[in-house]
Amino acid sequence: MTSITENIVIHKVRYDFEIIANLIKSNSRILDIGCGNGDLLYFLKTNKNADCRGLEISQEMISKCLSRGLSVIHGDANVDLNIYPNNSFDYAILSQTIQAMINPQKILQEMLKIAKYAIVSLPNFANYKNRFHLMFKGTMPVNKTIPFQWYETPNIHFCTIRDFENLCIKNNLIIENKFFLTTKHQLISILGNEIIANFIADYGIFLITKKEICATGQEQFLNNQSVLRKLNQLGLASENINQKINSK
Amino acid sequence: MKVKSCFGPDYKEYEIGDIVKLACDQPLNLICKEQLSNIEIAYQTYGKLNADCSNAILVCHALTGDQYVASTNPITQKKGWWDFMIGKNKPIDTDKFFVICSNVISGCMGSLGPKSLNPKTNQPYGINFPVITIQDMVNAQNLLIEHFGIKRLHAVIGGSTGGMQVLAWSVLYPHKVKLVIPIATSYRHSPQNIAFHEVGRQGIIADKDWCNGNYLQEKKFPINGLALARMTAHITYLSETALQRKFGRDLNNKISFSFNFDREFQVENYLHHQGSKFVERFDPNSYLYITRAVDYFDLESDFSGNLSSAFSEFAKNKEGKFCLISCSDDWLFPAQEIRKITKALTANSINTSSVVIASDCGHDSFLIDNDMLKNTINGFINQN
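What comes next is a walk through the structure. (Residues numbered from 1 in each chain as written. Chains lettered and ligands numbered in written order. Predicted model: local features only at pLDDT ≥ 70, side-chain atom pairs only at ≥ 80, totals over all residues. Heavy atoms only, no water.)

**Structural notes on the overall build of chain B**
Here comes step 1: Within chain B one finds 11 helices and 15 strands.
Here comes step 2: Computed over the C-alpha atoms, the radius of gyration of chain B is 21 Å, within 12% of the 21 Å expected from 2.2 N^0.38 for a compact globule of 384 residues.
Here comes step 3: Per-residue burial over chain B gives 60% buried out of 384 residues.
Here comes step 4: Taking contacts inside chain B between residues at least 6 apart in sequence as the whole, the part at least 24 apart equals 70%.
Here comes step 5: Summed over all atoms, the accessible surface of chain B reaches about 16,100 Å², with 50% contributed by carbon and sulfur. (Helix = DSSP H or I, 4+ residues; strand = E, 2+ residues; numbered from the N terminus. Rg over C-alpha atoms; globule rule 2.2 N^0.38 Å. Buried < 20%, exposed > 50% of the residue type's maximum accessible area, 1.4 Å probe, protein only. Contact = heavy atoms within 4.5 Å. Areas by Shrake-Rupley, 256 points an atom, 1.4 Å probe, with all protein chains shown as cover.)

**Overview of a nonpolar patch on the surface**
Residue and element names in this part refer to chain A.
Here comes step 1: A contiguous nonpolar surface patch, about 540 Å² in accessible area, is contributed by Tyr128, Phe132, Met135, Phe136 and Phe199.
Here comes step 2: For tyrosine 128, the location among the structural elements is in helix α7 (residues 128-137).
Here comes step 3: The partly exposed category is assigned to tyrosine 128, whose relative accessible area is 31%. (Patch = residues over 30% accessible without salt bridge, like charges linked within 9 Å, V, L, I, M, F, W, Y side chains within 5 Å. Salt bridge = Lys/Arg side-chain N within 4 Å of Asp/Glu carboxyl O.)

**Remarks on the environment of Asp209(B)**
All names here are of chain B.
Here comes step 1: With respect to the secondary-structure elements, aspartate 209 resides in the loop between α3 (191-206) and α4 (215-218).
Here comes step 2: With 51 residues separating them along the chain, aspartate 209 and glycine 158 place their C-alpha atoms 34 Å apart.
Here comes step 3: Excluding its chain neighbours within four sequence positions, the residues that come into contact with aspartate 209 are Tyr215, Lys220, Phe221 and Pro222.

**So, helix α8 (residues 284-296) of chain B**
Residue and element names in this part refer to chain B.
Here comes step 1: Here α8 spans 19 Å end to end across 13 residues, near enough to the 18 Å set by a 1.5 Å rise per residue.
Here comes step 2: Summarising burial for α8: 11 of the 13 residues are buried, a large majority.
Here comes step 3: For α8, every residue scored as buried is listed here: Pro284, Asn285, Ser286, Tyr287, Leu288, Tyr289, Ile290, Thr291, Ala293, Val294 and Asp295.
Here comes step 4: In this structure, the buried side of α8 is in contact with α1 (134-147), α2 (161-172), α3, α4, α5 (223-237) and α7 (266-279). (Expected span 1.5 Å × (residues − 1).)

**Some remarks on the state of the cysteines**
Residue and element names in this part refer to chain B.
Here comes step 1: Applying the stated criterion across every chain, the model contains zero disulfides over all chains.
Here comes step 2: Just so you know, cysteine 60 is unpaired, no disulfide at all, and the nearest cysteine sulfur is the one on cysteine 101, 7.5 Å from it.
Here comes step 3: Of the residues examined, cysteine 60 reaches a relative accessible area of 1% and is grouped as buried.
Here comes step 4: The structure places no disulfide on cysteine 361, whose sulfur is separated from the nearest cysteine sulfur, that of cysteine 327, by 9.0 Å.
Here comes step 5: For cysteine 361, a relative accessible area of 16% gives the class buried. (Disulfide = S-S within 2.5 Å.)

**Details of the pairing of strand β1 (residues 2-7) of chain B**
All names here are of chain B.
Here comes step 1: Relative to strand β2 (residues 12-22), β1 runs antiparallel, the two being bridged by five bridges. Residue pairing for β2: lysine 4 is matched across the bridge by glutamate 15.
Here comes step 2: Remark: four residues form the turn of the hairpin made by β1 and β2, two consecutive strands paired antiparallel; glycine 8 in that turn has positive phi of roughly 75°. (Pairing = 2+ DSSP bridges.)

Next up, the structure:
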């Protein structure tokens, strides 16, 4: 197996895959909601020996998943998550899709019904580029992260990192871990200053769970340590974060 | 062994391929409590069985289909009914897989059925043939598989009635099959579908040339009844969109109404054509038997109303996987029936994929060349 770093450089694996892979335990049962051509599932299957399932709306994408040996159900996350029994997965992943859902709150609740943990990654609308775009141009931002005009965008429920955190609080959900990233593959902060993160980050990735099965402080600390080790290998973590983790 | 058999109102003889005699030492117990022995099964194979017998794919044919899945049908002289799917460099590649397709028992293309001679009377069975179920058809297919020395099938695939056989395989022989591919089918035949079947059967039975099922002895043939059954059924295989596109309300070679009961519309002409073609190749009693077998199929009630428990044994087959395929505007076996099976499978944590093929050709979509269908099946059976 090639190392993860090589994968990123050579095959240009989406860098958020790497972070998601580090959040999950090996041999877990995983559902990727909106799995596309199965890149993430395949990555987790080969690197984490995960038992991978997908839900995807496009028939063409499903054929690609099938030829990679992935099991994918043709369906719409807005209505079809009830196909799965409760607690049938360890992790339900929703990657860059929550802003396109009809009812993001309901999706989040359903994810945590069928899985112990939800992993949600989302574009941060409060990013400074978007803020400046709105302030100075006065039009809806269109850029690399959100490449659609307002009248044709599938993204009907844009939110910011802070909005998402507020939604978790409202629903009594625990954010066990979070990562803020820029499009230049830089990790901004793990535990760091949220105000700055909400201003700079292009993406946020959250590991969420219901209150009762939240890991203890010790487990969380160890989890952060192992994530950091991996990220150090990738050269993604900054000195600053290292100090923060170690001093904790 | 090659045998000849009579077809159609003129009792024309055709040679119908390979036949093997099974259940010679031990009779096959049928669901209806009767037994059959010396069961003749007519089959066709394509490709080569590999040394460890691990590349076999069983194809189950639909209601009025036959074993000529990928080679010329000796009666109709048309190419196989799934010719675009199976063959060299096709989605099910015969360079890689050994493909078997057999005529179901109670069929009329060489396998034991109501047309066969009853050894006790030396007359055709007619309606004295025992009533067959989907499960019996699958048990007979299993005998054929054993005859080939195959311990486990790489895949079992089929649409409609064939799809029911595929589902029955996963329930009856959960450890003998790796990939399960039911297409445009259901876990049970709906009341509406039973109703359509009954109209067809009554068409045959009401035809005086049916002669209480003894038309072969009487040298007659219920042409009108069998054609009517086919015409009724054929409507259910198409969609309103397809009928509109093919015929609309176009008249039959005329520009104004004739104000009589001749074939006025093109759609009428089409149905009559389907009916008259069908009587040339199908046995009326076989039609009664196979439609009845489909009507009886209900996996949910077989498992006391709990469909997911039907698959609990398959769940223990660690390599077992399902790929369910439905067609978007199939109203005979609507996509929600496949969805119910999907739910029953996920309840067992079985590796399940499901795809809805976008097509406006109705139930028959799986018999029509379609890239999405081909890519899905190819991807699934060749997965790494």
